[in-house]
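Structural description and commentary
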Amino acid sequence: MTAPEEERRGQDAVKRHASTMAFAEAEAIISTVLSDPGVQEARARVEAAESELGMELCAHL
């Protein structure tokens, strides 16, 4: 393998590693945000409103 090919492979490996680490960090942040009690409460309110509006829509149809 030539030096430029080896360098390219090394750069590709670094890019893959950086991408993997960024994805893992994003997953951790999303998990932290979704576990927040305020976010869970807001999610529950949205789901309740969606259910209520869905039942109203069914009644109209």
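Residues numbered from 1 in each chain as written. Predicted model: local features only at pLDDT ≥ 70, side-chain atom pairs only at ≥ 80, totals over all residues. Heavy atoms only, no water.

**As for the overall build of the protein**
Scanning the protein for helices and strands turns up 2 helices and 0 strands. Relative to its length of 61 residues, the protein is extended, with a C-alpha radius of gyration of 23 Å against a globular reference of 10 Å. Dimensions of the protein, computed from the C-alpha atoms along their principal axes, are close to 70 × 30 × 10 Å. In the structure as shown, the protein presents an accessible area of about 5,500 Å², 62% of it carried by carbon and sulfur atoms. With 6 positive and 12 negative side-chain charges, the protein shows a spacing of 11 Å between the two charge centroids. (Helix = DSSP H or I, 4+ residues; strand = E, 2+ residues; numbered from the N terminus. Rg over C-alpha atoms; globule rule 2.2 N^0.38 Å. Areas by Shrake-Rupley, 256 points an atom, 1.4 Å probe, with all protein chains shown as cover. Lys, Arg positive; Asp, Glu negative; His and termini not counted. Charge placed at Lys NZ, Arg CZ, Asp CG, Glu CD.)

**Re helix α2 (residues 37–60)**
Counted at 1.5 Å a residue, the expected span for α2 with its 24 residues is 34 Å, and the 35 Å between its end C-alpha atoms agrees. The backbone nitrogen of Gly 38 has a side-chain oxygen 2.8 Å away, supplied by the residue at the start of α2, namely Asp 36. (Expected span 1.5 Å × (residues − 1). Polar contact = N/O pair within 3.5 Å; in protein donor to acceptor, adjacent residues only side chain to side chain.)

Any link to function would need more than the numbers given here.
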